[in-house]
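Close look at the chain arrangement
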2 protein chains.
Amino acid sequence: MSELIASINGEQIALHKAVLSVQDLSVERGYAIFDYFKTVHGKPIFLEDSLDRFFHSAEKMRLRIPYNRDQLKVMLNELMQVNQISESGIKLLLTGGYSPDGYSISTPNLVITQQPIKRNISLEQQGLRLVTFEHQRQLPEIKTTDYLAGILAQPYAKEHHAADILYTHNKLVLECPRCNIFIVNAANELITPGRNILKGITRKHILLLASSIMTAKESDLSLEDLYHAREVFISSTSKNITPVNAIDHMTYGKEPGPVTRTLQSLLEAVVYGNV
Amino acid sequence: MSELIASINGEQIALHKAVLSVQDLSVERGYAIFDYFKTVHGKPIFLEDSLDRFFHSAEKMRLRIPYNRDQLKVMLNELMQVNQISESGIKLLLTGGYSPDGYSISTPNLVITQQPIKRNISLEQQGLRLVTFEHQRQLPEIKTTDYLAGILAQPYAKEHHAADILYTHNKLVLECPRCNIFIVNAANELITPGRNILKGITRKHILLLASSIMTAKESDLSLEDLYHAREVFISSTSKNITPVNAIDHMTYGKEPGPVTRTLQSLLEAVVYGNV
């Protein structure tokens, strides 16, 4: 494969040379937002949703994106043109910029990177185990780069033979560090938490797809609801719909449930064009 | 002044050329810790305390500092030699390193920067205003680079004509984003919160100094305690002891109180060698 190219403030540069000053507010104060989408057969998936959320996050964090939406799209297209990676993940990162006093927001730096990704189909078929972890993310509805708790808890997940942690707070189920969670309850309703989480784009499209075939809603989920669910799955750009086989002391079965399988097929058609 | 020099993984480099990959975990996931001390007349102040805390933060965040304490001191001395800045602030920053999967901790990068600082003596004499702000920092006792809430709340402070916010949570007083808080109560005791905060090094030395002349203790502080205090001040490496004139609707007087002035003199002697 040829060298990966990134873009910093609109200028293309080899990824391994793409750098930021140690005085950038992302480095000094963890102050940055990002967004992420993938390409399938060379085409961006849910790009408009990703850009919507990117502008939303920037506004909430008082970061002025120094480009308009069309300019961003041109940059993204130029990057995809030069990299020519059919199956990839593309990240837009916006930092607080070089801060003269090391604390105040300055002119943001925009970094775009593209890297090949490989879909883990066997995981989407076989599912994974989660372990609950008490934590409420700060500014949960903004896609900041703050993943301190999630990264720090990785050994905790491993100790519990889990692929990842599932945040809970005050006995409510929230989200995984990088995925949303859904359950199918005894009444065959699809439910996903609706507040104090990052609202994923795959999550949004699953709700849309599901609503044509069943009751699908955002609602607070208790730990009881979770443990008594018929089916559980997580969703993200990378993991699509991945079944959850077990959480804590509860097991849900080794095979994806019927609702999970149906939704996987629907999402598959939209994202990968396979029916 | 000649060009400022920084150090990255033990190699000196011009500060304006000191950079990290956009794939460093500090940039991608806000995963980094740091510590900070100042030099007065060219000599480091409370260096051992700062190194203690730096190693503590690194361990808690599962970051392995690729140097021992003596090696760090050599690096710091070499940097101070080359920069020759009598009155300066020196920051040690340790990141999660270049992460191949964008999430797992890797070999940390160590960045040391030194910059001139100027003491704000008039602020230490005249004091400042604070406004309370409901927030509990995550991992409060670790000096991470997470300042999202503090930076985001700057306009809130300005709207309230305050120099900064003061974090409170569940009606307990905590800390400012970059300072600790002390009160003198009606019984003439010096009190500072003892948990769910970052324990500052200036704070530690104030407690030590104060304990020889009065009751000085760590204890939960309610908003009531704060509002009814005789004197209030904040402490930090940069601000030393800076009196607080007003918080929210409460004013404490325009002049520093007698205890504040006495402690300022004691700290002055230790830090600046002036009596």
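Conventions we followed
Residues numbered from 1 in each chain as written. Chains lettered and ligands numbered in written order. Predicted model: local features only at pLDDT ≥ 70, side-chain atom pairs only at ≥ 80, totals over all residues. Heavy atoms only, no water. Helix = DSSP H or I, 4+ residues; strand = E, 2+ residues; numbered from the N terminus. Rg over C-alpha atoms; globule rule 2.2 N^0.38 Å. Buried < 20%, exposed > 50% of the residue type's maximum accessible area, 1.4 Å probe, protein only. Contact = heavy atoms within 4.5 Å. Areas by Shrake-Rupley, 256 points an atom, 1.4 Å probe, with all protein chains shown as cover. Lys, Arg positive; Asp, Glu negative; His and termini not counted. Charge placed at Lys NZ, Arg CZ, Asp CG, Glu CD. Phe/Tyr/Trp six-rings, centres within 6.5 Å; stacked < 30°, edge-to-face > 60°. Buried area = accessible area lost by both parts, 1.4 Å probe. Salt bridge = Lys/Arg side-chain N within 4 Å of Asp/Glu carboxyl O. Least-squares fit on C-alpha atoms with pLDDT ≥ 70 in both. Pairing = 2+ DSSP bridges. Expected span 1.5 Å × (residues − 1). pLDDT = per-residue confidence, 0-100. Core = buried A, V, L, I, M, F, W, Y, C linked by side-chain atoms within 4.5 Å. Axes fitted to C-alpha atoms, helices over the stretch in contact; angles between N-to-C directions. Parallel < 35°, antiparallel > 145°, perpendicular 65-115°, else oblique. Left-handed = near helix turned anticlockwise from the far one by under 90°. Nonpolar A, V, L, I, M, F, W, Y, C, P; charged D, E, K, R; others polar.

**Considerations on the overall build of chain A**
On a plain count of helices and strands, chain A comes out with 9 helices and 16 strands. Computed over its C-alpha atoms, the radius of gyration of chain A comes to 19 Å, within 12% of the 19 Å expected for a compact globule of 275 residues. Principal axes of the C-alpha set define a box for chain A whose edges measure 55 × 40 × 30 Å. Out of the 275 residues belonging to chain A, those deemed buried represent 57%. Across chain A, every contact between residues at least 6 apart in sequence was considered, and the portion connecting residues at least 24 apart equals 68%. Accessible area of chain A: about 11,900 Å², with a carbon and sulfur share of 51%. Separation between the mean location of the 28 positive side-chain charges and that of the 29 negative ones in chain A comes to 2 Å.

**Here's the deal with the packing of aromatic side chains**
Residues and elements named next belong to chain B. Scanning all chains against the criterion turns up 12 aromatic pairs over all chains. Arranged with centres 6.4 Å apart and planes meeting at 80°, the rings of phenylalanine 54 and phenylalanine 55 form a pair that is edge-to-face. Here phenylalanine 54 falls in the buried class, since its relative accessible area comes to 0%. Take phenylalanine 55: its relative accessible area is 26%, and that puts it in the partly exposed class. Measuring from ring centre to ring centre gives 4.9 Å for phenylalanine 182 and phenylalanine 233, while their planes differ by 20°; the resulting arrangement is stacked. Residue phenylalanine 182 is located in strand β11 (residues 180-184), and its partner phenylalanine 233 is located in strand β14 (residues 231-236); the two are separated by 51 residues in the primary sequence. We classify phenylalanine 182 as buried; its relative accessible area is 0%.

**Considerations on the environment of A:Tyr98**
Residues and elements named next belong to chain A. Tracing the backbone through its elements, the reader meets tyrosine 98 in the loop between β6 (88-95) and β7 (110-116). Since its relative accessible area comes to 40%, tyrosine 98 is described here as partly exposed. A C-alpha to C-alpha distance of 35 Å links tyrosine 98 and glycine 194, two positions 96 residues apart in sequence. Excluding residues within four positions of it along the chain, tyrosine 98 makes contact with Ser21, Gln23, Asp24, Ser106, Thr107 and Asn109.

**Some words on the interface of chain B and chain A**
Taken together, the contact pairs 43 residues of chain B with 43 residues of chain A. Overall, the association of chain B and chain A removes approximately 4,000 Å² of surface from exposure, summing both partners, and the carbon and sulfur fraction of that is 59%. Among the residues of chain B in contact with chain A, B:Arg29, B:Tyr103 and B:Leu148 are the three that bury the most area, contributing 21% of the side total. At the boundary of chain B and chain A, one finds 2 salt bridges. Taking the shortest distance from any N to any O, the salt bridge between B:Lys91 and A:Glu28 comes out at 3.5 Å.

**Re the relation of the copies chain B and chain A**
Each copy of the chain is related to the other by a rotation around an axis and a translation along that axis. Aligned on chain A, chain B shows an RMSD of 0.0 Å; the corresponding rotation is 180° and the shift along the axis is 0.0 Å. Expressed as an axis order, the relation between the two copies is that of a two-fold axis. Among all residues of chain B, the minimum C-alpha distance to the rotation axis is found for B:Gly30, at 2.2 Å.

**Considerations on the sheet that holds strand β5 (residues 43-44) of chain B**
Residue and element names in this part refer to chain B. Here we have 6 strands laid out as an open sheet, ordered β2-β1-β7-β6-β4-β5, and antiparallel in their pairing. Each having just a single partner strand, β2 (11-14) and β5 make up the two edges of the open sheet. Here strand β6 (residues 88-95) pairs with strand β7 (residues 110-116) via 7 bridges, running antiparallel. The partner of glycine 89 across the bridge, within β7, is glutamine 115.

**A word on helix α9 (residues 258-272) of chain A**
Residue and element names in this part refer to chain A. Along its 15 residues, α9 runs 20 Å from first to last C-alpha, staying within 8% of the 21 Å computed at 1.5 Å per residue. Within the sequence span of α9, burial applies to Val259, Thr260, Leu263, Gln264, Leu267, Glu268, Val271 and Tyr272. Glycine 273 sits one or two residues past α9 and shows a positive phi near 70°.

**Let's talk about the confidence of the model for chain A**
Parts of the prediction with low pLDDT should not have their coordinates interpreted in detail. The pLDDT averaged across chain A works out to 97; a share of 99% of its residues lies at or above 70. The ipTM assigned to the predicted complex is 0.97, against a pTM of 0.97.

**Details of unusual backbone geometry**
Residue and element names in this part refer to chain A. Positioned with a positive phi, histidine 41 is a non-glycine residue whose angle comes to about 50°. With respect to the helices and strands, the residue histidine 41 is situated in the loop between β4 (32-40) and β5 (43-44). Using a relative accessible area of 58% as the deciding quantity, one classes histidine 41 as exposed.

**With respect to the nonpolar core**
Membership of the largest hydrophobic core comes to 83 residues, with the highest contact counts inside it found for A:Leu76, B:Leu72 and B:Leu76. Not counting chain neighbours up to four residues away, the residues in contact with B:Leu76 comprise B:Phe37, B:Leu47, B:Leu51, B:Ile90, B:Leu92 and B:Ile112.

**A few points about the pairing of strand β2 (residues 11-14) of chain A**
All names here are of chain A. In the sheet, strand β1 (residues 5-8) pairs with β2 via 4 bridges, with the strands oriented antiparallel. Bridge pairing in β2 links isoleucine 5 to alanine 14. Hairpin remark: β1 followed by β2, antiparallel, with 2 residues in the connecting loop; positive phi at asparagine 9, about 50°.

**Concerning the sheet that holds β7(A)**
All names here are of chain A. With antiparallel pairing, 6 strands are arranged side by side in an open sheet as β2-β1-β7-β6-β4-β5. For this open sheet the edge positions go to β2 and β5, each flanked by a neighbour on one side alone. On the sheet, helix α3 (residues 69-83) packs against β1, β2, β4, β5, β6 and β7 and is oriented at approximately 35° with respect to β7.

**So, the packing of helix α2 (residues 47-60) of chain A against helix α7 (residues 201-210) of chain A**
Residue and element names in this part refer to chain A. Where α2 meets α7, the closest approach of the two axes is 10 Å, and the angle between their N-to-C directions is 125°. One finds that α2 runs oblique with respect to α7. For the pair α2 and α7, the crossing hand works out as right-handed. Between α2, through Asp49, Ser50 and Arg53, and α7, the contact on the second element is made entirely by Ile201, Lys204 and His205. Taken together, the residues that form the contact of α2 with α7 break down as 1 nonpolar, 2 polar and 3 charged.

**So, the packing of α7(A) against α9(A)**
Residues and elements named next belong to chain A. In the contact formed by α7 and α9, the axes pass within 10 Å of each other and the chain directions differ by 115°. Comparing their axes, α9 and α7 come out roughly perpendicular. Handedness of the crossing formed by α7 with α9: right-handed. Residues Thr202, Ile206, Leu209 and Ala210 of α7 form the contact with α9, whose own contacting residues are Leu263, Leu266, Leu267 and Val270. Among the residues forming the contact of α7 with α9, the class breakdown is 7 nonpolar, 1 polar and no charged.

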